[in-house]
Amino acid sequence: MSSIRRQSIISSLLIYIGFAFGALNTYLFIKDGLFTPEQYGLTRAFIVMGQFFYGFAGFGLASVFYKFYPYYKDNIAKQEKNDLLTIALVVALIGFLLTAGAGILFEGIVVKKFIEKSPLILKYYYWIFPFTFFLLFFSLLEAYAWSIGKAVLPNFLKEAGFRISTTVLIVVFIVTGKNFDLFIKLFSLLYAFSFLALLAYLIKLNKFHLVTEISRVTKKFWKKMLTLMVYVYGGTLVGIGAQSVDFFAIASFQGLKYGAVFDFSSYLANVIQVPQRSLVSTTIPALSRAWKEKDMATIDRIYKRSSLNLLLVSIFIFSLIWVNYDNAITALDANPIFNEGKWVVFFLALKNIIDMGTGVNGQIIATSTHWRFDFFSGIILLLLAVPLNIYLVKNYGIIGSAWSNLLAYIIYNAIRVIFLKRKFNLQPFTLNTAWVLAHGITCFTLTYYMFKGLDGWTGMIVRTIFFVVIFVTSAFYFKVSPDIQPVLLTVRKKLRL
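I will try to describe carefully the structure that is included in this document. (Residues numbered from 1 in each chain as written. Predicted model: local features only at pLDDT ≥ 70, side-chain atom pairs only at ≥ 80, totals over all residues. Heavy atoms only, no water.)

1. Considering the pattern of salt bridges
For clarity, the threshold we go by: The term salt bridge refers to a pairing of a side-chain nitrogen on Lys or Arg with a carboxyl oxygen on Asp or Glu at a separation within 4 Å. Exposure is judged per residue with a 1.4 Å probe applied to protein chains only, and the accessible area is read against the type maximum: over 50% gives exposed, under 20% gives buried, and values in between give partly exposed. By the criteria applied, helices consist of DSSP H or I runs no shorter than four residues and strands consist of E runs no shorter than two, each listed in order from the N terminus.
Under the counting rule described, the total for this entry stands at eight salt bridges. Arg289 is the salt-bridge partner of Glu293, the closest N and O atoms lying 4.0 Å from each other. By relative accessible area, Arg289 is classed as partly exposed at 26%. A salt bridge links Asp326 to Lys342; its shortest N-O distance comes to 3.0 Å. Taken together, the positions of Asp326 in helix H14 (residues 296-331) and Lys342 in helix H15 (residues 342-357) put the pair 16 residues apart, joining distant regions of the chain. What you see here is one network of salt bridges that share partners, running through Asp74, Arg289, Lys292 and Glu293.

2. A look at the packing of helix H8 (residues 152-175) against helix H10 (residues 190-204)
For clarity, the cut-off: A fitted line through C-alpha atoms represents every axis, and for helices the fit uses only the stretch in contact; the resulting angles, taken between N-to-C directions, go from 0 to 180 degrees. Any angle from 65 to 115 degrees is called roughly perpendicular, while one under 35 is roughly parallel, one over 145 is roughly antiparallel, and all others are oblique. Should the near helix be turned counterclockwise from the far one by less than a right angle, the crossing is left-handed, whereas a clockwise turn marks it as right-handed. When checking whether two residues touch, look at their non-hydrogen atoms; a contact exists if any pair is within 4.5 Å. Three classes are used: nonpolar for Ala, Val, Leu, Ile, Met, Phe, Trp, Tyr, Cys and Pro, charged for Asp, Glu, Lys and Arg, and polar for all others, with Gly counted as polar.
Where H8 meets H10, the closest approach of the two axes is 9 Å, and the angle between their N-to-C directions is 140°. Our classification of the angle between H8 and H10 gives oblique. Along this stretch, H8 crosses H10, giving a crossing that reads as right-handed. Two secondary-structure elements touch here, H8 through Leu153, Pro154, Leu157, Gly161, Phe162, Ser165, Thr166 and Leu169 and H10 through Leu190, Tyr191, Phe193, Ser194, Ala197, Leu198 and Tyr201. Counted by class, the contact of H8 with H10 contains eleven nonpolar, four polar and no charged residues.

3. Examining the packing of aromatic side chains
Definition in use: Two rings from Phe, Tyr or Trp (for Trp, the six-membered ring) form a pair when their centres sit within 6.5 Å of each other. Planes less than 30 degrees apart are called stacked, planes more than 60 degrees apart edge-to-face, and all others tilted. Each ring is checked for a lysine NZ or an arginine CZ that lies within 6 Å of its centre and within 35 degrees of its normal; such an atom marks a charge sitting over the ring.
Scanning all chains against the criterion turns up 58 aromatic pairs. Seen from their ring centres, Phe52 and Phe248 are 5.6 Å apart, and the 90° between their planes marks the pair as edge-to-face. Taken together, the positions of Phe52 in helix H2 (residues 37-57) and Phe248 in helix H11 (residues 216-253) put the pair 196 residues apart, joining distant regions of the chain. Its relative accessible area of 25% is what places Phe52 among the partly exposed residues. Considering the side-chain rings of Phe133 and Phe134, the 5.1 Å spacing of their centres and the 90° angle between planes classify their relative orientation as edge-to-face. Classification of Phe133 by relative accessible area gives partly exposed; the value is 26%. Seen from the ring of Trp322, Lys342 lies directly overhead, with NZ or CZ sitting 5.4 Å from the centre. In this structure, Lys351 is placed above the aromatic ring of Tyr409, and the distance from its NZ or CZ to the ring centre is 4.7 Å.

4. Section: H8
Heads up, the rule is: Given a helix with a known number of residues, its expected span is that number minus one, times 1.5 Å. Throughout, bend refers to the angle between the axes fitted to the seven residues that end at a position and the seven residues that start at it.
Taking 1.5 Å as the rise per residue, H8 with 24 residues should run 34 Å; its terminal C-alpha atoms sit 33 Å apart, in good agreement. At Ala160, H8 shows its maximal bend, which comes to roughly 35°. Within two residues after H8, Gly177 carries a phi angle of roughly 75°, on the positive side.

5. Quick notes on the packing of H14 against H15
Here H14 crosses H15 at 170°, and the two axes come no closer than 8 Å. By the angle between their axes, H14 is roughly antiparallel relative to H15. Note on element contacts: H15 touches H14 through Lys342, Trp343, Val345, Phe346, Ala349, Ile353, Met356 and Gly357, opposite Ser306, Ser307, Leu310, Leu311, Ser314, Ile315, Phe318, Ile321, Trp322, Tyr325 and Asp326. Among the residues making up the contact of H14 with H15, the classes are represented as 13 nonpolar, four polar and two charged.

Written out as structure tokens, the structure reads:
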């Protein structure tokens, strides 16, 4: 657990550097008079549609790394002959060509869907394909790096590298007289930097090998690998569909400007998820190894610790955002339209807290012999998310999407928790779960009412300092999590370095 904790801390710190640049980018995107809400919305459309196409092109290949890499490592003496990465890259290239062809073939459907409310999507539609290409191949190298225990740099490149590059592009946009055409075309190539940097890193570590000979491990497990890919592929399409439907529904019914408002709200709510992202990348190798060795004690410990620690951190971050929200929007001189996203932030944040509070249930299922359930639970999520989003967005606007997300993820995570309890007698909650909830609510309530009348930057600074001090000191004093003291010691050690 100490190795997981150490890598999670480092990854979280590096990713938060990325979020600092992301906060700067978001400020520049929403600042009145720089980008229009429609232009900001188009950048989000690139990301959502790029991920949507990635889901089709990826063929579930990342899951093959997570599940089968330990078998390749244990049974191939010379890793220079490990053909897993080569096979994945070739299959991914085929997947991209098929997806790009389908995207061009069905362009008419896109035109019909977005021509009235979001015409900018149609103008730059073909530039989504290079965005997808580099996202796809970076994601494959990222999954491979996670599997070999090198999670820190991929996490930094994915979260920070993309955002730092975006900051550079915004500077280019400003100095070129707000040339948005140049900006969005360069934006489509942003993942190229992350891909090339990670490729160079793997080559330097002597971990990148293109192999022409099929290994005996591939010959032995190819049927199981293919079966896994089919199920995970279906699950990936379902999951990405469920995650994308909100933006597509908003862009179609409300327009790109409200897509920008929803994305801004999602960005604030998703700040909460950074520790979850770093923890997922560092627990996958440990879970995969534990399942291979039938070490249920380790799996149970990771499940409970991940649930408790992620719940604690998610409440901490959400409280900081919510206690300062109104003052922050005013102080940032944002376009007035972004005031409409306040309660979207609230409900999306609750969704993320619930998702994090149930621990790494998805990763436990995905690395187990019952990984097929990940596909079926994903179908349930899609069946919930699509009709809920379409109906609620059409009738209630962007707040309807936040409601549908919250409801769908409550049911989705409840199904996964119940499955793990019944199948393996694993469940994520302990008595400390209740203490973490009570602790977070108490600290937030004290901060809110003590400084309720204090406005502006002064109010935000005072509330933030007060909340951080009472939250951290009381959590440490009452030992609401067994990992608090080791985490603080690790952070102190890193800061000294």
